[in-house]
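One letter stands for each residue in the lines below.
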Amino acid sequence: MRLATWNVNSVKQRMPRLLPWLDERRPDVVCLQETKLADDAFTALLGEELAGRGYEVALHGEAAWNGVAILSRVGLDDVVAGLGDDAPGFPHPEARAVSATCAGVRVTSVYVPNGRTPDSEHYRYKLAWLAALREQVAAAGSATSVVLGDINIAPADEDVFDPEAYVGQTHVTPPERAALAELEALGLHDVVRERWPGERVFTYWDYRAGMFHQDLGMRIDLVLAGDEVAARVRAAWIDRQARKGKGPSDHAPVIVDLDEAPDGDIGPVVPPPSAPAARRGAKKLPQAP
DNA sequence: ATGGCTGAGTTGCTCAGA
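Predicted, not measured: the structure shown is a model, and the values here were computed from it.

A.B. asks: Before we move on, can you summarise the UniProt feature "binding site: Mg(2+)" (unreviewed entry) in chain A with the specific residues and values?
C.D. replies: The UniProt record annotates "binding site: Mg(2+)" (unreviewed entry) at N7, E34, D150, N152, D250 and H251. Spanning 245 residues, the named residues form one tight spatial group whose C-alpha atoms are at most 13.1 Å apart. Tracing the sequence through the fold places N7 in strand β1 (residues 2–7). With sequence-adjacent residues up to four places away left out, N7 is seen in contact with Q33, E34, Y111, D150, D221, S249 and H251. Residue position: D150 is located in strand β8 (residues 145–150). What makes D150 buried here is its relative accessible area of 1%.

Right under this line is the structure:
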């Protein structure tokens, strides 16, 4: 099963990049952020294109800002928009999280608040929002959960092109990193960093001043997988191709491939009748209920 | 030189992003 997350920075503007990318990478589950569309506008724009590719869609959007979605062609159950009734919002509730169960995995697509500056109310909101996210993941059970999205925190200094350039800025402050560490302490693995220890791997590059072409970026889009999901990771990488060329988002997608679950929804793997085990009448394989 | 792009609505400008 292939999971992906992508901050598209306006799904309307990104249509000419998103649809070919879906056809090329063929992800089974896609978490989108910064869709910047109300749900009815999203459906009017993309509903048929996505249905034609076999995707069911869970939306939590609003006009102009924020907005998250999950696309799945392996099932989409128990959809929950947001982080609960008393989730923090500043200045009002914002569309920043949506969850669904896809092939037995509890998937949450998140767009963590930016925080703007460390002395701002937006920053305090960011920390409160992260605490609410942690509560929701804890309640769902972390082992079969995966949180994917624009976390808006660089986990460590190696996740920014120049730590000196970020002193005093959001995304790198100790309280933000502590909030991320508390989330991970539920048992979530940063699967891209675990796959590429010590490597220079970024997911975001400012549009300005040729930052992408100089590879001056940050790693702020993460896939945080619970123990059972993390144990199935076969590949985890950042799709830099999608940041190149005409009309890209300023974020690149992150793609994670999982082995089939031991008790996956695809059913047990049984040999065909002509297989040696069947002909020999060897040990019976476990049967599905 | 806190700018440099890009996107959206309050458009011919402002705000936000990170």
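That covers the picture; the talk isn't over yet.
A.B. asks: Tell me about the sheet that holds strand β12 (residues 254–258), residues and numbers included.
C.D. replies: One key point about sheets: their strands pair by backbone hydrogen bonds, in either a parallel or an antiparallel sense. Pairing in this open sheet of six strands is mixed, and the strands run β3-β4-β2-β1-β12-β11 from one edge to the other. At either end of the open sheet lies a strand with only one pairing partner, and these are β3 (56–60) and β11 (233–238). Looking at each pair of strands side by side, their axes are set apart by 10° on average, direction ignored. Bridge analysis of β11 against β12 gives five bridges, and the strand direction is antiparallel. When the bridges of β12 are listed, A235 appears paired with D257. Where helix α2 (residues 39–52) meets the sheet, it contacts β2 (29–33), β3 and β4 (68–72), and its direction lies at approximately 165° from that of β3.

A.B. asks: Which residues make up the UniProt feature "site: Transition state stabilizer" (unreviewed entry) in chain A, and what values go with them?
C.D. replies: Mapped onto this numbering, the UniProt entry annotates "site: Transition state stabilizer" (unreviewed entry) at N152. Relative to the helices and strands, N152 is located in the loop between β8 and α4 (174–184). Given the relative accessible area of 5%, N152 is considered buried. Look past the residues within four positions of N152 in its chain and what remains in contact with it is Y111, V112, P113, N114, K126, H171, E176 and I220.

A.B. asks: If you had to explain the packing of helix α3 (residues 121–140) against α4 to someone new, which residues and values would you point to?
C.D. replies: Remark: α3 packs on α4, axes separated minimally by 9 Å, with the N-to-C direction vectors making an angle of 5°. Between α3 and α4, the angle is such that the two are roughly parallel. Across from Y123, K126, L127, L130, L133, R134 and V137 in α3, the residues of α4 making contact are P175, E176, A179, E182 and L183. Of the residues belonging to the contact of α3 with α4, the class tally is eight nonpolar, no polar and four charged.

A.B. asks: Which residues make up the sheet that holds strand β10 (residues 221–225), and what are the values?
C.D. replies: Strand order across the open sheet formed by six strands is β5-β6-β7-β8-β10-β9, with mixed pairing between neighbours. If you trace the sheet from one side to the other, it starts and ends with β5 (77–81) and β9 (189–190), each paired once. As paired strands, β5 and strand β6 (residues 97–102) are joined by three bridges and run antiparallel to one another. In the strand pairing of β6, D77 is matched with T101. The sheet strands contacting α3 are β5, β6, β7 (105–111) and β8, and the helix crosses β7 at an angle near 175°.

A.B. asks: Kindly report on the pairing of β10, identifying the contributing residues and their values.
C.D. replies: Across the five residues that make up β10, a large majority, five, are buried. Alternating positions in β10 separate into two faces, D221, V223 and A225 on one and L222 and L224 on the other, with burial throughout. Note: β8 against β10, five bridges, orientation antiparallel. Among the inter-strand pairings, V146 is bridged to a residue of β10, identified as A225. With two bridges connecting them, β9 and β10 associate as antiparallel partners. Bridge pairing in β10 places D190 opposite L224.

A.B. asks: I'd like to hear about the nonpolar core, residue by residue, with values.
C.D. replies: Inside soluble globular proteins, nonpolar side chains tend to come together where they are buried. Grouped together as the largest cluster of nonpolar side chains are 32 residues, with contacts concentrated most on I70, V107 and V146. If sequence neighbours within four positions are ignored, V107 has contacts with V29, C31, I70, V98, S99, A100, C102, V146 and L148. Ranked by size, the runner-up nonpolar core spans 21 residues in total, among them L59, A69, L71 and I255.

A.B. asks: Give me the lowdown on the pattern of salt bridges, citing residues and values where you can.
C.D. replies: Inspection of the entire model under this criterion finds 20 salt bridges. Between R240 and D215 there is a salt bridge; the shortest N-O distance is 3.2 Å. Here D215 lies in the loop between α5 (191–195) and β10 and R240 lies in the loop between β11 and β12, a separation of 25 residues in the sequence. Counted as one network, the salt bridges with shared partners bring together E158, D159, D190, R193 and R219.

Scoring rules and cut-offs
- Residue numbering note: each chain is counted from 1, following its sequence as written.
- Working convention: letters from A go to chains and numbers from 1 go to ligands, in the order in which they are written.
- Where local features are concerned, this predicted model is filtered to residues with pLDDT of at least 70; where side-chain atom pairs are given and counted, the filter is 80 or more; whole-chain, interface and lining totals use all residues.
- Each side-chain value is worked out from all heavy atoms of the structure, with water and hydrogens disregarded.
- UniProt positions are given in the numbering used here, feature names are shortened, and annotations may be inferred rather than shown by experiment.
- Only DSSP runs of H or I covering at least 4 residues are called helices, and only runs of E covering at least 2 are called strands; the numbering of each starts at the N terminus.
- Residue contacts are counted whenever heavy atoms from the two residues lie within 4.5 Å of one another.
- Three exposure classes are used, based on accessible area relative to the maximum for each residue type with a 1.4 Å probe and protein chains only: buried under 20%, partly exposed in between, and exposed over 50%.
- Paired strands, as defined in this entry, are two strands with at least two bridges between them according to DSSP.
- Lines fitted to the C-alpha atoms define the axes, with helices restricted to the stretch that makes contact. Angles between their N-to-C directions range from 0 to 180 degrees.
- To sort the angles, those under 35 degrees are grouped as roughly parallel, those over 145 as roughly antiparallel, those from 65 to 115 as roughly perpendicular, and the leftovers as oblique.
- By the convention adopted, Pro, Cys, Tyr, Trp, Phe, Met, Ile, Leu, Val and Ala count as nonpolar, Lys, Arg, Asp and Glu as charged, and the other residues, Gly among them, as polar.
- Take the buried residues of types Ala, Val, Leu, Ile, Met, Phe, Trp, Tyr and Cys, join any two whose side-chain atoms come within 4.5 Å, and each joined set is a nonpolar core.
- Here, a salt bridge means any side-chain nitrogen of Lys or Arg that lies within 4 Å of a carboxyl oxygen of Asp or Glu.

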